[in-house]
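Structural overview for review
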Amino acid sequence: MKFKHILSVIGISSALMLGSSCGKYLNLSPQGSTYDEVFWTDGPNVEKATLGAYALLRDAVRNERSYFIFGDIGSGMLKSTEWNYADFARAGEFRFGRAPYLENSLWDWTRFYKIINQCNLIVEHTTAMDVSLFENGEDDKNQYIANAKFLRAYTYFYMQRVWGDVLLVKETFKDPQNIPDMARSPQAETLKFCKEDLVFAAANLGQGAAKSFASKGAANALLAEVYAWEHDYVNAEKYIAETLKGGYALEDIKDYKKIWQGNSKESIFELNMLYNDTGREWSTDFFNVFLTGADVPGKGSGSVWEIDPTLLEKKTSTEDRIDGLRDGSARFDLITTAFPDNSERLTLRKYDRVNFYSATDLGAYAVDNNLVLIRLADIILLRAEAYFKNGKQNLALEDLNTIRNRAGLPNITLAGDELFKEIFLERRRELIGEGTIQFDLIRMELLEEMNNYNTDRIALQGYYWPLNMRALLPQNESLTQNPYWRNH
């Protein structure tokens, strides 16, 4: 199965979002309608629905740049001088409970339920369709279902890491105007459902050449991440081994920035956001927070997100090591750049490939990158973490040094807690600006040591974001606020 016409279809995908109309807090549309009977009649329409699901995920993570807020500003890696972002960052003591004008993107998970509903529709209707309706029969049918299950698992796992326990909706509601009140499901139940979806996806997806669609490798990598989140490092190691059968390879340091230019040999799963003059995958207001006047003439520094300076350089007890980002590596030079008007302030260069699509207006530009969600360096460092937890410290050190060597850094020799902390620090250096560090801090239980969270906040899961109860509670009386944010 190959997805066809991706640019033109995703470009108009708003017309194909079957579950995007509003009906209570899950945003569901009526089922069993004449439209359903007309739409679910052949493989090409299932393909359109599947492309629509990918577009919904892309739009959800891009909303108000929440992907970078949740993973990077909220982890203390980045900061913004814009007044309503200040509280989320390190200097603001990670006060996620104050988000003026950003409540809908940071406290409201509704847009993610649009993805869930779209995937539920695809799974249910495609399962009921005869194999003769698909160009390649059962193989195509199962791959469409597998794509939907992969996206559903990715979405639930992402929501679980941002807001904690979710409302686990496993199938579409037949009457969305009468959705029953629902309590939040325990994490174990949600992640069990995710793992079931991903096992099916891994068994039915091909390896695939296009990294912007689910693949066997992506499903196995996400399974490894789910198991690591549960601290089941034996299974995490197992599924990492399965992932590595996909033939991925680290980019050479001289080609490092190719990772974000789409379909690199290191990428495992990414969202298509490359510029195209007919499609609308690209956006002018997502990656642009990392651009300075050097990238876009006339762009001021006030809106540029910068690397938190407290993370740039810090000596460890071992004088030949630095645990900050300014580590003397070729990697640091490739991915950071100084503000034109202030050499002490640094921002990221991972997303600075700009396409000027107006010959007369230099302000009309698109940032021409993909958003890489899973890549090999991430998985190698996750394997280092799993090896460490599984009592294989020598192997953990080998993986750590593999990523250090690619960055242009020498081998180091560490053991015990220092090795574990260094694995995190290397993740922080390698994956800055990729929306993942806050989740690493939670999983690796380093929030107290690295970000000064107090024990009360950790015990009450104050690392999750609050829910917008003013908007969500009237529609679901069984919904509860995250414990820490009931009183903060």
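Preceding this paragraph is the structure being described.
Okay, so let's go over this structure.

Moving on to the packing of helix α4 (residues 66-73) against helix α7 (residues 137-163). Where α4 meets α7, the axes come as close as 11 Å, and the angle between the chain directions of the two elements is 50°. Comparing their axes, α7 and α4 come out oblique. Crossing handedness for the pair α4 and α7: left-handed. Across the interface between the two elements, Ser66, Tyr67 and Phe70 of α4 pack against Tyr154, Tyr158, Val162 and Trp163 of α7. By residue class, the composition of the contact of α4 with α7 is 6 nonpolar, 1 polar and no charged.

Below, the discussion takes up the side chain of Glu225. Of note, Glu225 is situated in helix α9 (residues 216-229). Despite being buried, Glu225 has no salt bridge partner; Arg161 is the closest side chain of opposite charge, sitting 4.1 Å away. Beyond its immediate chain neighbours, meaning those up to four positions away, Glu225 contacts Phe157, Arg161, Ile374, Asp378, Ile379 and Leu382.

What follows is about the pairing of strand β8 (residues 371-375). Counting buried positions along β8 yields 5 of 5 residues, so the element is predominantly enclosed. As paired elements, strand β2 (residues 267-271) and β8 share 4 bridges and run antiparallel to each other. Its bridge partner lying in β8, Leu271 is registered against Leu371.

What follows concerns the nonpolar core. Of all hydrophobic cores here, the largest spans 154 residues; its most connected members are Trp109, Phe150, Tyr156, Leu371 and Trp465. Per-element tally for this core: the top contributor is α7, with 14 residues. With near-sequence residues (within four places) excluded, Trp109 lies in contact with Met159, Trp163, Asp165, Val166, Leu167, Arg184, Leu467, Leu472 and Leu479.

We now examine the side chain of Asn370. Following the sequence through the fold, Asn370 ends up in the loop between β7 (365-367) and β8. Side-chain polar atoms of Asn370 contact the backbone nitrogen of Leu274, separated by 3.2 Å.

In this structure, Ala228 sits in helix α9. Spatially, the C-alpha atoms of Ala228 and Leu382 are 8.1 Å apart, while their sequence positions differ by 154 residues. The residues contacting Ala228, other than those within four sequence positions of it, are Tyr233, Ala236, Leu382 and Arg443.

The geometry of an aromatic ring pair is captured by the separation of the ring centres together with the interplanar angle, meaning the angle of the planes. Under the counting rule described, the total for this entry stands at 44 aromatic pairs. Aromatic side chains Tyr113 and Tyr156 sit 6.5 Å apart centroid to centroid with 75° between the ring planes, which places their arrangement in the edge-to-face category. A residue pair is termed long-range when its members are at least 10 positions apart, and Tyr113 in helix α6 (residues 110-128) and Tyr156 in helix α7 qualify at 43 residues. The same class applies to Tyr113 and to Tyr156, which are both buried.

What follows concerns the pattern of salt bridges. The tally for this structure, following the rule as stated, stands at 35 salt bridges. Salt-bridge contacts for Arg62 lead to Asp59; the nearest nitrogen and oxygen are separated by 3.5 Å. One end of the pair, Arg62, and the other, Asp59, are both in helix α3 (residues 43-62), 3 residues apart, so they sit about a helical turn from each other. Overall, Asp59 belongs to the partly exposed group, its relative accessible area being 34%. Residue Glu242 is joined to Lys245 by a salt bridge in which the shortest nitrogen-to-oxygen separation is 2.9 Å.

The rules behind the values
- Residues numbered from 1 in each chain as written.
- Predicted model: local features only at pLDDT ≥ 70, side-chain atom pairs only at ≥ 80, totals over all residues.
- Heavy atoms only, no water.
- Axes fitted to C-alpha atoms, helices over the stretch in contact; angles between N-to-C directions.
- Helix = DSSP H or I, 4+ residues; strand = E, 2+ residues; numbered from the N terminus.
- Parallel < 35°, antiparallel > 145°, perpendicular 65-115°, else oblique.
- Left-handed = near helix turned anticlockwise from the far one by under 90°.
- Contact = heavy atoms within 4.5 Å.
- Nonpolar A, V, L, I, M, F, W, Y, C, P; charged D, E, K, R; others polar.
- Buried < 20%, exposed > 50% of the residue type's maximum accessible area, 1.4 Å probe, protein only.
- Lys, Arg positive; Asp, Glu negative; His and termini not counted.
- Salt bridge = Lys/Arg side-chain N within 4 Å of Asp/Glu carboxyl O.
- Pairing = 2+ DSSP bridges.
- Core = buried A, V, L, I, M, F, W, Y, C linked by side-chain atoms within 4.5 Å.
- Polar contact = N/O pair within 3.5 Å; in protein donor to acceptor, adjacent residues only side chain to side chain.
- Phe/Tyr/Trp six-rings, centres within 6.5 Å; stacked < 30°, edge-to-face > 60°.

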